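The chain contents come next:
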Amino acid sequence: MKELFKLAVVYRFELGAILLFGIGFMNLLLQKNLIRKIIGFNVMDSSVFLFLASQGYIEGRIAPVLTNGSMQAATYVNPIPAGLVLTGIVVSVSVSAFFLALVQRLYLKYGTVEFDEIMLLAKKEAE
Amino acid sequence: MKNEWFRALVRWIDGEPAHDRRIRTPEGQRVRRARRAQRTGEQFSDQAAKRFAWGYRISAVVICLSIVCTLLYTVFQLPLFGAADSPANNEVVERYIEKGVEETGAVNFVTGMILDYRAFDTFGESSVLFLAVTSVLILLLRDKNNISEEEDLLTAHEFFIEREMQDLILQKVVAVVMPCILLFGIYVVLNGHISPGGGFSGGAIMGGGLILYGASFGILAVRRFFNRRTFTAITTAALLTYAASKAYSFFTGANGLETGIPLGTPGAILSSGLILVLDICVGAVVTCTMYGFYALFARGRL
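Fair warning: this is a prediction, and the values are worked out from it, not measured in the lab.

As for the overall build of chain A
When helices and strands are counted, chain A shows five helices and zero strands. Ordering the α and β elements of chain A from the N terminus gives α-α-α-α-α. Reported as C-alpha extents along the three principal axes, the dimensions of chain A are approximately 70 × 40 × 15 Å. Among the 127 residues that make up chain A, the fraction classed as buried is 25%. Considering only intrachain contacts with a sequence separation of at least 6, the fraction spanning at least 24 residues in chain A is 51%.

Encoded structure:
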């Protein structure tokens, strides 16, 4: 048990990322308010970024910007996850903006952002 | 047959119910389903809906818990946090760091990576931003052909608020702070290759400055120097410049030709070849996108 706890401290960022992922996923599935669903989606995105960034970190090394003319790979942390997280942030911003625009259109049409009410109104409209 | 299908598509987009039974559109299916329900006297019962909702909730919790447990188990199989010998630190990283300055001229290895080795990927990102702002424009723009009476009233009300409720303190503070924010954004964009930063972060800072200005002085004040025409011109020009310069360097690189672009001394502002140009392009796209999102969501127009 003590060993497991020690391991959990070592893996704190990864574990936090997984828990955040679970929280965001539950929000995405269970919230009825569409804006809260989108917030859950964003929490999921952030958890992925945290996980990626934690994978690139190496103990005792510095940020990947040339310092003191050292060109040894052993001086710097891994720069690749930083680039991947950048891509992820851009895509997440774009997707959330698109979602929110759709929600705004839905609100203008149905006057509510609750998913259930929108479905009921849409069903009534179809009949 | 193809023509018919196309006409049905146009009808569906216009929101008319499909009358042709052979062509399956969502609208037609809904009409057919409603007709069938009428014929059989079948009603949508509350009890079934409730049962479905409970089933949905329970299955959602079960699925989420199983995913989280699997992932938690997997985390303990990963290489230790901060370990130098994890498989992610392979020869690709070594190459980027040891040859990066020599090949790209950028002191910041991340910038050298995303704007030189993986520049095509970054071009995709800029295009994604452009696509996102375009689709938001399609959905939210209130122009002559795409406006209801309600939205008309809403717009008039918003512009009334903008005209009548000007906050003097906010405006004076913004007048001092806004140039500093823009200058800092430009600094971050131009120093992308020699310090942490670059097009995305600098563009986000400049976009934030524009949003602050728009929020305190009103969208109409921003429209004096930044309207839809300048928005389109800046974004397309930046994306085309990016595409052209990268096409040039890919073409010369693939054919083993000299690019003729000096890399300069690493660490100087005018160094690292095309990276500075690409950073400026990305910064312009991100600035326009950030402000475009704000203006479209807040007022429905640019």
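A closer look at the packing of helix α8 (residues 168-190) of chain B against helix α9 (residues 199-217) of chain B
All names here are of chain B. Packing of α8 against α9 brings their axes to within 8 Å, and their N-to-C directions diverge by 165 degrees. As far as their axial angle goes, α9 and α8 are roughly antiparallel. As α8 packs across α9, the resulting crossing turns out to be left-handed. Two secondary-structure elements touch here, α8 through Leu-170, Gln-171, Val-174, Met-178, Ile-181, Leu-182, Phe-184, Gly-185, Ile-186, Val-188 and Val-189 and α9 through Gly-199, Ser-201, Gly-202, Gly-203, Ile-205, Met-206, Gly-208, Gly-209, Leu-212, Tyr-213, Ser-216 and Phe-217. Taken together, the residues of the contact of α8 with α9 break down into 14 nonpolar, nine polar and no charged.

With respect to the confidence of the model for chain B
One rule of thumb: low pLDDT means the predicted coordinates there are not for detailed reading. The predicted model of chain B has a mean per-residue pLDDT of 83, with 89% of residues at 70 or higher. What the predictor reports for the complex is a pTM of 0.82 with an ipTM of 0.86.

Brief notes about the interface of chain A and chain B
The interface of chain A with chain B comprises 46 residues on the first partner and 47 residues on the second. Mapped onto the side of chain A that touches chain B, the elements with two or more residues apiece are α1 (2-10), α2 (12-30), α3 (34-56) and α4 (80-110) of chain A. For the side of chain A that touches chain B, the element with the highest residue contribution is α4(A), accounting for 16 residues. Grouping the amino acids of the side of chain A that touches chain B by side-chain chemistry returns 33 nonpolar, nine polar and four charged.

Here is what the cut-offs are and how they apply
- Residues numbered from 1 in each chain as written.
- Chains lettered and ligands numbered in written order.
- Predicted model: local features only at pLDDT ≥ 70, side-chain atom pairs only at ≥ 80, totals over all residues.
- Helix = DSSP H or I, 4+ residues; strand = E, 2+ residues; numbered from the N terminus.
- Buried ≥ 20, exposed ≤ 12 C-beta atoms within 10 Å, placed from the backbone.
- Contact = placed C-beta atoms within 7 Å.
- Axes fitted to C-alpha atoms, helices over the stretch in contact; angles between N-to-C directions.
- Parallel < 35°, antiparallel > 145°, perpendicular 65-115°, else oblique.
- Left-handed = near helix turned anticlockwise from the far one by under 90°.
- Nonpolar A, V, L, I, M, F, W, Y, C, P; charged D, E, K, R; others polar.
- pLDDT = per-residue confidence, 0-100.

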